[in-house]
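Structural description and commentary
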Amino acid sequence: MTIPLSLVNVTLEYPDGGSTIKALDAVNLTAGAGEFLSLVGPSGSGKSSLLAVAATLVTPSSGLVLVDGQDATPLGSRERTALRRDTVGIIFQQPNLLPSLTAVEQLLIGEHLRGKPLRAARLRAAELLDVVGLAGELNKRPHQLSGGQRQRVNIARALMGSPRVLLVDEPTAALDMERSEAIVRLLRRVTDEFATATLMVTHDTEFLPLTDSVVTMRDGRLGAPVRNAA
Ligand code: ADP
Ligand code: MG
């Protein structure tokens, strides 16, 4: 089995007036199957940049981005899109659901793009919505769901393509404490059940013990992972 995610000496520079700013500075990171990492650090330290690079949405200035064993950095945009669609699940703070679609339909769009048969996709969508605790809400539209339920649809949608890597940026920022904890517990459970390499940016220090290791960013540099007690 290939390693789901490995960043090797990744640097990302943005132009900043006459000079450049290093959003990522020689970052190395590996996430194995079933491993749940939290990424913490001050605002502007490069956390979202790291997720964007790992998601193959942004190509770094230098370094390798190995997703499911394949380096994404030399790929053209079509190939990167295909790699992303087949191997990466992305969960951002705002669920970004389409207002007119039901929960099941939100999950079917991606499968349609992947060219999968609809009948099998419907079964898988219903199964995944059951996994995230929404078995009774399959045909509800976003406005009929709570914020926590919408984030659960978002998580189920990210799992539809059977990703090896789950990238999660502040999934609980719009939720109260109780719902936040439930979402992080759900991410723990899906990481175990689907053996994803899960990388979660978070400000909720109280939930860090639910993850395997904590990595800290500062000024684009990544500290060594600190393992939580088992
Ligand atoms: P965080 O998610 O930790 O708050 P970001 O990754 O968003 O940090 O930002 C890291 C640094 O890169 C910041 O200095 C930010 O201003 C800069 N940055 C991020 N995205 C861009 C961009 N598209 N263009 C220019 N600078 C950017
Ligand atoms: Mg950010």
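Refer to the structure presented above.
Residues numbered from 1 in each chain as written. Chains lettered and ligands numbered in written order. Predicted model: local features only at pLDDT ≥ 70, side-chain atom pairs only at ≥ 80, totals over all residues. Heavy atoms only, no water.

With that out of the way, let us pick up the overall build of the protein. A tally of regular secondary structure across the protein gives six helices and eleven strands. Since a compact globule built from 230 residues should have a radius of gyration of about 17 Å, the 17 Å found for the protein is in line with a globular shape. For the protein, the proportion of its 230 residues judged to be buried stands at 50%. The contacts of the protein with a sequence gap of at least 6 include a subset with a gap of at least 24, amounting to 69%. For the protein, the exposed area adds up to about 11,000 Å²; of that, 51% sits on carbon and sulfur atoms. The averaged location of the 24 negative side-chain charges in the protein is 5 Å from the averaged location of its 24 positive side-chain charges. (Helix = DSSP H or I, 4+ residues; strand = E, 2+ residues; numbered from the N terminus. Rg over C-alpha atoms; globule rule 2.2 N^0.38 Å. Buried < 20%, exposed > 50% of the residue type's maximum accessible area, 1.4 Å probe, protein only. Contact = heavy atoms within 4.5 Å. Areas by Shrake-Rupley, 256 points an atom, 1.4 Å probe, with all protein chains shown as cover. Lys, Arg positive; Asp, Glu negative; His and termini not counted. Charge placed at Lys NZ, Arg CZ, Asp CG, Glu CD.)

You can see Arg-84 is positioned in helix H2 (residues 77-87). One buried charged side chain, Arg-84, makes no salt bridge at all; its nearest oppositely charged neighbour is Asp-86, positioned 11 Å away. Of the polar contacts made by the side chain of Arg-84, one reaches the backbone oxygen of Ala-55; its length is 3.0 Å. Discounting residues that sit within four places of it in the chain, Arg-84 has contacts with Ala-55, Thr-56, Leu-57 and Ile-90. (Salt bridge = Lys/Arg side-chain N within 4 Å of Asp/Glu carboxyl O. Polar contact = N/O pair within 3.5 Å; in protein donor to acceptor, adjacent residues only side chain to side chain.)

What follows is about the pairing of strand S3 (residues 36-40). Successive side chains on a regular strand alternate, one facing one side of the sheet and the next facing the other. Across the five residues that make up S3, a large majority, five, are buried. Relative to strand S8 (residues 197-201), S3 runs parallel, the two being bridged by four bridges. By the bridge assignment for S8, Leu-39 is matched with Val-201. Pairing of S3 with strand S9 (residues 213-218) involves four bridges; the strand directions are parallel. Note on S9: the bridge partner recorded for Leu-37 is Ser-213. (Pairing = 2+ DSSP bridges.)

Taken in spatial order, the four strands make up an open sheet running S2-S1-S4-S5, and their pairing is antiparallel. The two strands at the open ends of the sheet, each matched to only one other strand, are strand S2 (19-31) and strand S5 (70-71). Note: strand S4 (residues 62-67) against S5, two bridges, orientation antiparallel. By the bridge assignment for S5, Leu-66 is matched with Asp-71.

Below, the discussion takes up the nonpolar core. Ranked by size, the top nonpolar core spans 32 residues in total, and within it Ile-91, Leu-107, Leu-129, Val-132, Val-153, Ile-155 and Leu-187 carry the most contacts. For this core, the elements supplying multiple residues, two or more each, are helix H3 (103-113), helix H4 (118-131), helix H5 (147-159), strand S7 (165-169) and helix H6 (177-194). In this structure, Leu-107 is in contact with Ala-125, Leu-128, Leu-129, Val-153, Ala-156, Arg-157 and Met-160, ignoring residues within four places of it in sequence. Core analysis: the next-biggest nonpolar cluster, separate from the first, contains 30 residues, Leu-7, Leu-83, Val-201 and Val-215 among them. (Core = buried A, V, L, I, M, F, W, Y, C linked by side-chain atoms within 4.5 Å.)

What follows covers the side chain of Ser-213. With respect to the helices, strands and loops of the structure, Ser-213 is situated in strand S9. Once residues lying within four places of it in the same chain are set aside, the contact partners of Ser-213 are Glu-35, Phe-36, Leu-37, Ser-38, Pro-225, Val-226, Arg-227 and Asn-228.

The next point concerns H3. Those residues of H3 not exposed but buried are Ala-103, Val-104, Gln-106, Leu-107, Leu-108 and Glu-111. In this fold, the buried residues of H3 make contact with H4 and H5. Positive phi appears at Gly-115, one or two residues downstream of H3, with a value of about 75°.

Let's shift gears to the site of ligand 1. Tyr-14, Ile-21, Ala-23, Pro-42, Ser-43, Gly-44, Ser-45, Gly-46, Lys-47, Ser-48 and Ser-49 make up every residue found near ligand 1. Contact between ligand 1 and Ser-45: an oxygen atom at 3.2 Å from a main-chain N or O atom of the residue. Interatomic distance of 2.8 Å between a side-chain N/O atom of Lys-47 and an oxygen atom of ligand 1. Here ligand 1, which alone exposes 560 Å², has 59% of that area covered by the protein. Elements with a contribution of two residues or more to the shell around ligand 1: S2 and helix H1 (47-54). (Near = heavy atom within 4 Å.)

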